[in-house]
Amino acid sequence: MDVFIAIVQILDSTIRLSVPLLLACLAGLFSERSGIFDIGLEGKMLVGAFAGAAAASVFHSAFIGLGMAILISVAFAMVHGFASITHRGNQIVSGVAINFIAAGSTIILGQAWFQQGGRTPALQPGERFDAIVWPGADAVRDVPVIGPIYAELISGHSLLVYLAFLMVPFTWWVLFRTRFGLRLRAVGENPAAVDTAGISVAWLRYRALICTGILTGVAGAYLSMVQNGGFVKDMTAGKGYIALAALIFAKWKPVNAMFACLLFGFLDAAAIRLQGSPLPIIGKVPVQFMQALPYILTVILLAGFIGKAIPPRAGGVPYVKER
Amino acid sequence: MAQAAIELIGINKSFGAVRANRDINLEIARGTIHGIVGENGAGKSTLMSILYGFYQADSGEIRVGGKPASIKTPNDAIALGIGMVHQHFMLVDNFSVLENIILGAESDALLKSSIAKARSELDRLEREYGLEVDPDAIIEELPVGLQQRVEILKALYRGAEILILDEPTGVLTPAEADHLFRILKQLKDQGKTVVLITHKLREIMAITDNVSVMRQGTMVATRETNKTTVGELAELMVGRRVLLRVEKGEVEAGAVKLAVKNLTVKDSRGVTMVDDLSFDLRAGEIVGIAGVAGNGQSELLEAISGIRRAVSGSVMLDGKPIDLTGAADPGELRDRGLAHVPEDRHHVGLVLAFEENENSILGYHDDPRYLKGPFLNVDAIVADAKDKIEKYDIRPGNPRLKTANFSGGNQQKIVLAREMEQDPGVLIVGQPTRGVDVGAIEFIHKRLIAMRDQGKAVLVVSVELDEIRSLSDRILVMFAGRIVGERGPEATEGELGLLMAGVERQEAAL
């Protein structure tokens, strides 16, 4: 039964670790499906994390924190839009710039406001999103098999975890069942077709970036207000890039994105769990190798194990009316 | 004449220094098929894009159904009942037919009702106009003829009363084109107005009621189709230009230098552009290939010079074959004495960001004359460029200047100097004087004739009839990928014009 408990625990942390990836990945999906490459997911998550923790700590409210995280993250998404949609700048350069501004400004403002070396104050109960315990979770905990699954895996996560997973069918529904989704997919494939149909390409892409900003804001809030009890510098630690990798791996589809993020989350969880404990046959594996495993796998998967991933055709290209 | 569906009054439009439309006046009668002809670049597409709200005219007035209309966006045009089928389809390739049709014309925020509505509407349009297409098919899996039908359906779904088609037959097979024409006639019978933009005169004669001719941005004439002839239209289209005859003596043509046999070339869309074409080019003669742009001349040049693969056929250079199936290497062809002045000097002939001297050796940069060990011998290259500048009167005479800063004529001279000074046995020149000022034209023509007098074989492709007639010892007329006639330099403009329009040889002789 020990093995079973261990597996449930690994799966449980898989869920927790994949949530920020999933939110960022869906954020990237909105942006890239509209034809705007967004390497700045990382930076937007980071400012979201900072704004969320800072506001929650100052106003003593988790929801004000979440709102602020979303607001600031959307503002950064609009900067990306202004550079790459309105001024037709290079989308990669703009995204990288956002990452740098985010990394630097969060530390400077954090130090200036809270004097804790760039951290925000540790969040108190009520300033964080607490775990929601589902009815009867404690009662069934000791029931074999079903008990741990219900109590550990399904119950006992924060609101944002459930929100993240609900975003998967919701994103699918928006993309494939609404007018906005149809136009969004069209503008990422052939903006000229959208333009000649009498729809504004720029406004459509701005709206896609607003969706991106909202989701990266939630992802950031999750990092600083759920996973951690406050903001720590550079706490996104490359999750924005892993989310982009997951997006390609998922071929820009929402349900695939969920599985891709769960896989990356699982690798992360397994790496943490297996640190220091000897594996059968192989023996003791260095910690560093386990930590590097998700990244190694990313390279291998993206190098050709996923078949051909066709990105949105107009991705990365600013729209200019041709002569 | 019936009531006008559209009136354009004094339309002007410039792109930078280029005046694409000047003082255009045009009246299109309701319930007719109105053709607009002109060569590529005459301004037809620009004019229609203004009507569709894709561009704004700099000045002028548009009236739709007699009322002044302000068309600022395609939405305005759609609201006025104007629909457009673009030359390059405005479809989302990985969407279904239905999704493409409702895009931008959805009835509410959710797709379900829009799709249901479009499905039944499509059914009706199908029955009314014979426009069958599977509504659930994915666009990229449909042949181009059907993709075009989707574009027409898109316009009709939006309630178009006036349908503009921009070069609709360019991508179609003859059978598909015939089907399209039947559809257009049916639309006209239902009271719709059709505007057909094309450079193919045969289509104009076959289907239109009225025809307007554009040339170099101006509207030169409007005729009733049954009161005009292909010959008149061809002449109006090409226009009589100032003759610049260059003196040239008689030269005996020598051995065959370049032999093209049964050459077939397809373009990137898979449309056959050069169709089983054969000709010989001999030492000491200039052969001119005349034709309306877009009849396969570009593809022919590209295939011979090793830039584009041919589907079948052979080309012999000095009696030895050129590998056309893919391994043809332009560099190797240069070594074998075939020099090429490409049609499009900005994209193919020059690197505009390079200095003049760098461009003057481009493609020949492995020549030991320009090398010092593994490095470029800059001093030698600049000296060599100076030499060419002198010989070809390239201005300004500074070999270290960026090529983009030279005028079009001087850029062309840089390319010509580079290719001619390598002393090739065969010289292939595409549009030798496109965008070149009058003084430079004469200079370039003299140079080409000098090449011929030295016993070189020269092939000139040009859409300028005067140029072809003034340079060539033999004129081949290309139409729809084939050579439809051979004439001497004494052929008249009208005679060549008829051939260029694809009218049969017997008629042309009359």
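Residues numbered from 1 in each chain as written. Chains lettered and ligands numbered in written order. Predicted model: local features only at pLDDT ≥ 70, side-chain atom pairs only at ≥ 80, totals over all residues. Heavy atoms only, no water.

1. Some remarks on the UniProt feature "transmembrane region" (unreviewed entry) in chain A
All names here are of chain A.
Part 1 of the argument: As recorded in UniProt, the sites labelled "transmembrane region" (unreviewed entry) are residues 6-29, 41-59, 92-114, 159-176, 206-225 and 288-306.
Part 2 of the argument: Between the end C-alpha atoms of residues 6-29 the distance is 33 Å, and the span holds 100% helix and 0% strand.
Part 3 of the argument: With 100% helix and 0% strand, residues 159-176 has its two end C-alpha atoms placed 26 Å apart. (UniProt positions renumbered as here; feature names shortened; annotations may be inferred. Helix = DSSP H or I, 4+ residues; strand = E, 2+ residues; numbered from the N terminus.)

2. Thoughts on the packing of aromatic side chains
When we look at a pair of aromatic rings, we describe it by the centre distance and by the angle of the planes.
Part 1 of the argument: All chains considered together, the criterion is met by eleven aromatic pairs over all chains.
Part 2 of the argument: On the numbers, 6.1 Å between centres and 65° between planes, the contact of Phe249(A) with Phe264(A) is edge-to-face. Taken as a pair, Phe249(A) in helix H11 (residues 239-249) and Phe264(A) in helix H12 (residues 254-274) lie far apart in primary sequence, 15 residues in all.
Part 3 of the argument: Their ring planes at 50° and their centres at 6.0 Å tell us that Phe54(B) and Tyr55(B) sit as a pair that is tilted.
Part 4 of the argument: Cluster of aromatic residues (ring-pair linked, three or more members): Phe50(A), Trp113(A), Phe114(A) and Phe231(A).
Part 5 of the argument: Over the ring of Phe443(B) we find Lys413(B); its NZ or CZ atom is 4.9 Å from the centre of that ring. (Phe/Tyr/Trp six-rings, centres within 6.5 Å; stacked < 30°, edge-to-face > 60°. Lys NZ or Arg CZ within 6 Å of the ring centre and 35° of its normal.)

3. As for the sheet that holds strand E2 (residues 18-29) of chain B
Within a sheet, adjacent strands bond to each other through the backbone by hydrogen bonds, running parallel or antiparallel.
Residue and element names in this part refer to chain B.
Part 1 of the argument: Spatial strand order, E2-E1-E4-E5: four strands in an open sheet with antiparallel pairing. Whereas interior strands pair on both sides, the edge strands pair on one side only; in this sheet they are E2 and strand E5 (67-69). Within this sheet the neighbouring strands show an average axis-to-axis angle of 25°, counted without direction.
Part 2 of the argument: Sheet analysis places strand E1 (residues 4-15) next to strand E4 (residues 59-64), joined by five bridges and oriented antiparallel. Looking at the pairing, Asn12 lines up with Ser59 of E4. (Pairing = 2+ DSSP bridges. Axes fitted to C-alpha atoms, helices over the stretch in contact; angles between N-to-C directions.)

4. Side note on the interface of chain A and chain B
Part 1 of the argument: At the interface, 24 residues of chain A touch 27 residues of chain B.
Part 2 of the argument: Buried area between chain A and chain B, summed over both chains or domains, comes out near 2,200 Å², and the portion from carbon and sulfur atoms is 59%.
Part 3 of the argument: If you look at where chain A meets chain B, you find four salt bridges.
Part 4 of the argument: Counting across the interface, chain A meets chain B through ten residue pairs in polar contact (both at pLDDT 80 or more). (Contact = heavy atoms within 4.5 Å. Buried area = accessible area lost by both parts, 1.4 Å probe. Salt bridge = Lys/Arg side-chain N within 4 Å of Asp/Glu carboxyl O. Polar contact = N/O pair within 3.5 Å; in protein donor to acceptor, adjacent residues only side chain to side chain.)

5. Observations regarding the domain arrangement of chain B
Residue and element names in this part refer to chain B.
Part 1 of the argument: According to the domain assignment, chain B contains domain 1 (4-238), domain 2 (254-337 + 425-510) and domain 3 (356-423).
Part 2 of the argument: Taken over both partners, the interface formed by domain 1 and domain 2 buries close to 1,000 Å², and the fraction arising from carbon and sulfur atoms is 65%.
Part 3 of the argument: Among the residues domain 1 hides against domain 2, the three largest losses belong to Glu39, Arg202 and Val238. Together they make up 35% of the total.
Part 4 of the argument: One can count zero salt bridges joining domain 1 with domain 2.
Part 5 of the argument: Between the two partners, domain 1 and domain 2, sit zero residue pairs in polar contact (both at pLDDT 80 or more).
Part 6 of the argument: Sorting the residues of the side of domain 1 that touches domain 2 by element identifies helix H7 (201-207) and helix H8 (230-238) as the ones contributing at least two each. (Domains from an automatic or database assignment.)

6. Describing unusual backbone geometry
Residue and element names in this part refer to chain B.
Part 1 of the argument: Between Arg395 and Pro396 the backbone carries a cis peptide bond, its omega angle lying at -10°.
Part 2 of the argument: With respect to the helices and strands, Pro396 occurs in the loop between helix H13 (378-392) and helix H14 (408-420).
Part 3 of the argument: Phi is positive for Asp276, which is not a glycine, with a value near 55°.
Part 4 of the argument: With respect to the helices, strands and loops of the structure, Asp276 is situated in strand E12 (residues 272-282).
Part 5 of the argument: Phi is positive for Ala480, close to 50°, though the residue is something other than glycine.
Part 6 of the argument: Assignment of secondary structure puts Ala480 in the loop between strand E21 (474-479) and strand E22 (482-487).
Part 7 of the argument: The exposure class of Ala480 is partly exposed, given its relative accessible area of 43%. (Buried < 20%, exposed > 50% of the residue type's maximum accessible area, 1.4 Å probe, protein only.)

7. Examining the pattern of salt bridges
Part 1 of the argument: Under the criterion given, the structure shown has 37 salt bridges over all chains.
Part 2 of the argument: Notably, a salt bridge pairs Glu140(B) with Arg313(A), separated by 3.4 Å at the nearest N-O pair. Here Glu140(B) is found in the loop between helix H4 (111-129) and helix H5 (144-157), whereas its partner Arg313(A) is found in the segment after helix H13 (287-305) on a different chain.
Part 3 of the argument: In this structure Glu140(B) comes out as partly exposed when scored by relative accessible area, which is 42%.
Part 4 of the argument: Residue classification places Arg313(A) among the partly exposed positions, given a relative accessible area of 42%.
Part 5 of the argument: The shortest N-O distance in the salt bridge between Asp384(B) and Lys388(B) comes to 3.0 Å.

8. Here's the deal with the environment of Glu32(A)
Part 1 of the argument: Take Glu32(A): it is sitting in helix H1 (residues 2-33).
Part 2 of the argument: A distance of 2.9 Å separates polar atoms of two side chains, one belonging to Glu32(A) and the other to Trp252(A).

9. Looking at helix H4 (residues 91-114) of chain A
Residues and elements named next belong to chain A.
Part 1 of the argument: Across its 24 residues, H4 extends 34 Å between first and last C-alpha, which sits within 8% of the 34 Å expected from 1.5 Å per residue.
Part 2 of the argument: Taken together, the buried positions of H4 are Gln91, Ser94, Gly95, Ile98, Asn99, Ala102, Thr106, Gly110 and Phe114.
Part 3 of the argument: Tucked into the core, H4 has its buried residues touching helix H2 (41-59), helix H3 (62-86) and H11.
Part 4 of the argument: The backbone nitrogen of Ile92 has a side-chain oxygen 2.8 Å away, supplied by the residue at the start of H4, namely Asn90.
Part 5 of the argument: The first or second residue beyond H4 is Gln115, which carries a positive phi of 50°. (Expected span 1.5 Å × (residues − 1).)

10. Here's the deal with the sheet that holds strand E6 (residues 82-85) of chain B
All names here are of chain B.
Part 1 of the argument: Reading across the sheet, the six strands line up as E6-E7-E8-E3-E9-E10 and stay open at both edges, with mixed pairing between neighbours. Every interior strand has two partners, whereas the edge strands, E6 and strand E10 (218-224), have only one. Neighbour-to-neighbour, the strand axes of this sheet turn through a mean angle of 20°, independent of strand direction.
Part 2 of the argument: Across five bridges, the pairing between strand E3 (residues 33-37) and strand E8 (residues 193-198) is parallel. Looking across to E8, one finds that His34 is bridged to Val195.
Part 3 of the argument: Of the strands in this sheet, E3, strand E9 (210-215) and E10 are in contact with H8, which crosses E9 at around 30°.

11. Remarks on the confidence of the model for chain B
Caution applies to low-pLDDT regions: their predicted coordinates should not be interpreted in detail.
Residue and element names in this part refer to chain B.
Part 1 of the argument: The predicted model of chain B averages 87 in pLDDT, with 95% of residues at 70 or higher.
Part 2 of the argument: Counting interchain partners and residues more than four positions distant, the pLDDT-below-50 stretch residues 505-510 has seven contacts.
Part 3 of the argument: Reported confidence for the predicted complex is 0.87 by ipTM and 0.75 by pTM. (pLDDT = per-residue confidence, 0-100.)

12. Here's the deal with the nonpolar core
All names here are of chain B.
Part 1 of the argument: Ranked by internal contacts, the top residues of the largest apolar core, which has 119 residues, are Val97, Ile152, Leu165, Leu184 and Leu187.
Part 2 of the argument: Once residues within four sequence positions are removed from consideration, Leu165 is found in contact with Val85, Ile152, Leu180, Leu184, Val194, Val195, Leu196 and Ile197.
Part 3 of the argument: Residues Ile50, Met84, Ile162 and Ile197 belong to the second largest nonpolar core, which totals 31 residues. (Core = buried A, V, L, I, M, F, W, Y, C linked by side-chain atoms within 4.5 Å.)

13. A word on the environment of Val317(A)
Residues and elements named next belong to chain A.
Part 1 of the argument: Residue placement: Val317 occurs in the segment after H13.
Part 2 of the argument: By relative accessible area, which is 47% here, Val317 ends up partly exposed.
Part 3 of the argument: Separated by 121 residues in the primary sequence, Val317 and Thr196 place their C-alpha atoms 18 Å from one another.
Part 4 of the argument: Those residues in contact with Val317 that sit more than four places away from it in its chain are Gly35, Gln91 and Arg205.

14. Considering the environment of Val285(A)
Residue and element names in this part refer to chain A.
Part 1 of the argument: Mapped onto the elements of the fold, Val285 is located in the loop between H12 and H13.
Part 2 of the argument: Since its relative accessible area comes to 13%, Val285 is described here as buried.
Part 3 of the argument: Measuring from C-alpha to C-alpha, the distance between Val285 and His80 comes to 42 Å, with 205 residues separating the pair along the chain.
Part 4 of the argument: Apart from the residues within four sequence positions on either side, Val285 is in contact with Leu279 and Met290.

15. Notes on the side chain of Ser462(B)
Residues and elements named next belong to chain B.
Part 1 of the argument: Position of Ser462 relative to the elements: it lies in the loop between strand E20 (457-461) and helix H16 (465-471).
Part 2 of the argument: Overall, Ser462 belongs to the buried group, its relative accessible area being 1%.
Part 3 of the argument: Within the structure, the side chain of Ser462 is placed 2.8 Å from the side chain of Glu467, a separation counted as a polar contact.
Part 4 of the argument: Discounting residues that sit within four places of it in the chain, Ser462 has contacts with Ile289, Ala290, Gly291, Gln431, Pro432, Glu467 and Ile468.

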